[in-house]
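One-letter residues, chain by chain:
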Amino acid sequence: MKPEERHTHLELCIPYVFGRLNPGNRKQFETHLGSGCAECSKELAQLYEAMALLPLTIHQQQPPQQLKGILMQRIGSGKEAPEPVRIRTEQRMPDAAVSPPQRPWFGYAIAFVLLVIIVALGIYVNDLFRTVGAQEQTIVELRTELAHSAEVEKILQARRVEIVLLNGYEPSSTAFGRIIWDPLTKNAVIQVSGLPATPDDKVYQLWVVKRDGPVNAGVFTVTSEKDRKNFFELVSLTVGERYEFEGFMVTLESKGGAAQPTEPKYLMGTTKAQQ
Amino acid sequence: MLPALLSQRNEQNKQDADLLKRIQRRDQQALALLYDRYSPVLYPLALRIVVSTEEAENLVQEVFLHVWEKSNGYPADRGSVYSWIVALCRNRAIDRLRSKEFKKKSREVETKEAQIVADLSMDTNTRAILVMKGYAESVRAALKNLSKLEVKILEMSYYEGHSQSEIARILRMPLGTVKTKMRKGIQKLRAVTRREDEAA
Ligand SMILES: [Zn+2]
């Protein structure tokens, strides 16, 4: 079809599919659709098909197994428009046979579980991470004084807190850590454990990994024995928007920090499934 | 896209339409099968938008309850059953994201023992899930044809519910550019669902 033949309603199809038509335009457009415009119907069908492809680029993940049972129970009970039932968070078991658990999504599950525990029990985190791997079994408690600081609490209580686990790589493969952050305010806490003490002329540098490369997110040093065991630092991740963040990494750089990370990576973690 | 994969996918669309007909006749097993097929897509989609696993679980439940209650509301002229279900899920998730209630911080988490029901999955469904995975691979590959900006604009609309003018403001670019990039991106996405020989 030539562009000049496209009639004006076709322009409304995209915002309509995305739910971004204002009420007036939406009503007008729906009236037009109701009049049986085949062209717009076809355009819409194609748009819906195309849009339905986008979620396929996220790695598939089974919801917790109990969810299906609850759903079947609800439809079996024959209640009209029932309230969704919330389920226990402790028993989530992604179906490994059909869809291997995607590690980054565990971050979300853990974020949620952690949030509940923090609110309910206080500041200690015990073996929440048992399922994630042997490495995370030795979880260090949040340092009390920091957990009590208003800023950290603000982050921990944010509605959309996310946790990204950081894994240690050579030469610090036993190190691990996590970034707990609020994507809305971009305030974050980095917690690391087991990193070697920083040499005098060096600093550790945190990088936000974006689609087009890593971006500096600040430097820190690990000096005392206490730091080596459990180091905390508040960081501000104002280098972009949540959807741009693909992961985090920590490298060892010359004092003052580097423009680009050098090898080796000491810690690394991803925010979402690789695409 | 490989013709074989595409025809498998078309076959599945037909199966989905049959499942929906069975659901209209109150066949619970049909709903279970549809759930097995598409909950692994809907769940991470909801999670990507609302971030909370609790909300994502609720949304997946709501979507399938809606399919059960309102199966007659499926507009057959607007695309496949799959795209209908995905749109239900995405739109609800975006509504949730914008709702005041969602923004409230404190909420109570009820716990309730789940009742275990028999596993209703069948061989055809397992195959369907595998075809979906193959299909997803092709989509991911096709997405590489989109520029970073096209992907970014589509993702901002789809997962974050931004309007085109909001995107223009956030990315500091003219509205016309956003509209053009969006159309381009969608066109390239659409090419995925066509066979190579009929692609423009
Ligand atoms: Zn029209």
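Residues numbered from 1 in each chain as written. Chains lettered and ligands numbered in written order. Predicted model: local features only at pLDDT ≥ 70, side-chain atom pairs only at ≥ 80, totals over all residues. Heavy atoms only, no water.

J.: Looking at this structure, I do not really get the overall build of chain A. What am I missing?
T.: Counting its regular elements, chain A contains 8 helices and 8 strands. Evaluated residue by residue, chain A yields a buried proportion of 52% over its 275 residues. Counting only contacts in chain A whose residues sit at least 6 apart along the sequence, the fraction spanning at least 24 positions is 62%. Carbon and sulfur atoms make up 52% of the accessible area of chain A, which totals about 12,700 Å². (Helix = DSSP H or I, 4+ residues; strand = E, 2+ residues; numbered from the N terminus. Buried < 20%, exposed > 50% of the residue type's maximum accessible area, 1.4 Å probe, protein only. Contact = heavy atoms within 4.5 Å. Areas by Shrake-Rupley, 256 points an atom, 1.4 Å probe, with all protein chains shown as cover.)

J.: Is there a simple way to explain helix H2 (residues 28-50) of chain B in this structure?
T.: Since the α-helix packs 3.6 residues into each turn, any two residues three or four apart lie on the same face. Residue and element names in this part refer to chain B. Helix length check: H2, at 23 residues, gives a terminal C-alpha distance of 28 Å against a target of 33 Å (1.5 Å per residue), a shortfall beyond 12%. Tyr38 marks the point of greatest bend in H2, at about 55 degrees, and the proline Pro40 comes within the next four residues. By the criterion of burial, H2 is predominantly enclosed, with 21 of the 23 residues buried. In this structure Asp27 caps H2, since a side-chain oxygen of it lies 2.9 Å from the backbone nitrogen of Gln29. Remark: Val51 follows H2 within two positions and exhibits a positive phi of approximately 70 degrees. (Expected span 1.5 Å × (residues − 1). Bend = angle between axes of the 7 residues up to and from the residue. Polar contact = N/O pair within 3.5 Å; in protein donor to acceptor, adjacent residues only side chain to side chain.)

J.: When you look at the packing of helix H4 (residues 66-77) of chain A against H2(B) in this model, what are you seeing that I'm missing?
T.: When two helices pack together, their arrangement is given by the angle between the helix axes and the distance between those axes. One way to put it is that H4(A) packs onto H2(B) with a least axis distance of 11 Å and a crossing angle of 155 degrees. Between H4(A) and H2(B), the interaxial angle falls into the category roughly antiparallel. Where H4(A) crosses over H2(B), the two elements pack in a sense that is right-handed. Side by side, H4(A) and H2(B) meet where Leu67(A), Lys68(A), Leu71(A), Met72(A), Ile75(A) and Gly76(A) of the first sit next to Gln28(B), Leu31(B), Ala32(B), Tyr35(B) and Asp36(B) of the second. Taken together, the residues of the contact of H4(A) with H2(B) break down into 7 nonpolar, 2 polar and 2 charged. (Axes fitted to C-alpha atoms, helices over the stretch in contact; angles between N-to-C directions. Parallel < 35°, antiparallel > 145°, perpendicular 65-115°, else oblique. Left-handed = near helix turned anticlockwise from the far one by under 90°. Nonpolar A, V, L, I, M, F, W, Y, C, P; charged D, E, K, R; others polar.)

J.: It is not clear to me how the side chain of Gln205(A) should be interpreted in this structure. Could you clarify?
T.: All names here are of chain A. Tracing the backbone through its elements, the reader meets Gln205 in strand S4 (residues 202-210). A polar contact of 2.9 Å, which involves the side chain of Gln205, links it to the side chain of Asn216. Setting aside residues up to four positions removed in sequence, Gln205 forms contacts with Asn216, Gly218, Val219, Met249, Val250, Thr251, Glu253, Gly257 and Ala258.

J.: Even after reading the chapter, I still don't get the coordination of the zinc ion, so can you show me in this structure?
T.: Tetrahedral coordination by four donors places them ideally at 109.5 degrees to one another around the metal; octahedral coordination by six donors ideally gives 90 or 180 degrees. Residues and elements named next belong to chain A. With distances of 2.0 to 2.3 Å, the protein atoms coordinating the zinc ion are His7 (NE2), His32 (NE2), Cys37 (SG) and Cys40 (SG). Coordination at the zinc ion is tetrahedral: its 4 donor atoms span angles of 98 to 121 degrees at the metal. Read in sequence order, the donor residues coordinating the zinc ion give the pattern H-x24-H-x4-C-x2-C. Of this pair, His7 sits in the segment before helix H1 (10-17) while Cys37 sits in the loop between helix H2 (23-34) and helix H3 (38-51), placing them 30 residues apart in sequence. The exposure class of Cys37 is buried, given its relative accessible area of 14%. (Donors = N, O, S within 2.8 Å, 3.2 Å for Na, K, Ca; no water. Tetrahedral: all angles 85-135°; square planar, octahedral: opposite > 155°, others 65-115°.)

J.: Explanation requested: unusual backbone geometry in the structure shown.
T.: Peptide bonds are mostly trans, and most non-glycine residues show a negative phi. Omega for the peptide link from Glu170(A) to Pro171(A) comes to 5 degrees, which places this bond in the cis form. Checked against the element boundaries, Pro171(A) lands in the loop between strand S1 (162-168) and strand S2 (176-181). With an omega dihedral of 0 degrees, the bond running from Glu263(A) to Pro264(A) counts as a cis peptide bond. Residue placement: Pro264(A) occurs in the loop between strand S7 (245-254) and strand S8 (265-270). The residue Arg172(B) is not glycine, and still its phi comes out positive at about 50 degrees. As for its placement among the helices and strands, Arg172(B) is situated in the loop between helix H8 (164-171) and helix H9 (175-192).

J.: Explain the sheet that holds S8(A) here, please?
T.: The strands making up a sheet are joined through hydrogen bonds of the backbone, oriented either antiparallel or parallel. All names here are of chain A. Taking strand neighbours across the sheet as the criterion, the 8 strands line up as S5-S4-S7-S8-S1-S2-S3-S6 in an open arrangement whose pairing is antiparallel. Edge positions in the sheet fall to strand S5 (213-220) and strand S6 (231-236), since each has one partner strand and no second. For this sheet, the mean angle separating the axes of adjacent strands, direction not counted, is 20 degrees. Pairing of S4 with S7, which is carried by 9 bridges, proceeds in the antiparallel orientation. The partner of Lys202 across the bridge, within S7, is Ser254. (Pairing = 2+ DSSP bridges.)

J.: Just to check I follow, could you spell out the pairing of strand S3 (residues 187-193) of chain A for this structure?
T.: Residue and element names in this part refer to chain A. Burial within S3 is extensive, with 6 of its 7 residues counted as buried. In terms of strand pairing, S2 meets S3 through 6 bridges, oriented antiparallel. When the bridges of S3 are listed, Ile179 appears paired with Ile190. A loop of 5 residues connects S2 with S3, the two strands running antiparallel in sequence, and Lys186 in this loop sits at a positive phi of about 70 degrees. Pairing of S3 with S6 involves 6 bridges; the strand directions are antiparallel. Of the residues in S6, the one forming a bridge with Ala188 is Val235.

J.: Sorry if this is basic, but what is going on with the pairing of S5(A) here?
T.: Residues in a regular strand project their side chains so that they alternate between the two faces of the sheet. Pairing between S4(A) and S5(A): 6 bridges, direction antiparallel. Along S5(A), the bridge assignment pairs Trp207(A) with Asn216(A).

J.: When you look at the packing of H1(A) against H3(A) in this model, what are you seeing that I'm missing?
T.: Residues and elements named next belong to chain A. Following both chains from N to C, one finds H1 and H3 inclined at 35 degrees, their axes separated by 10 Å at the closest point. For the crossing formed where H1 meets H3, the hand is right-handed. Counted together, Leu10, Cys13, Ile14, Tyr16 and Val17 of H1 and Glu39, Cys40, Glu43, Leu44, Leu47, Tyr48 and Met51 of H3 form the full contact between these two elements. When its residues are assigned to classes, the contact of H1 with H3 shows 10 nonpolar, no polar and 2 charged.

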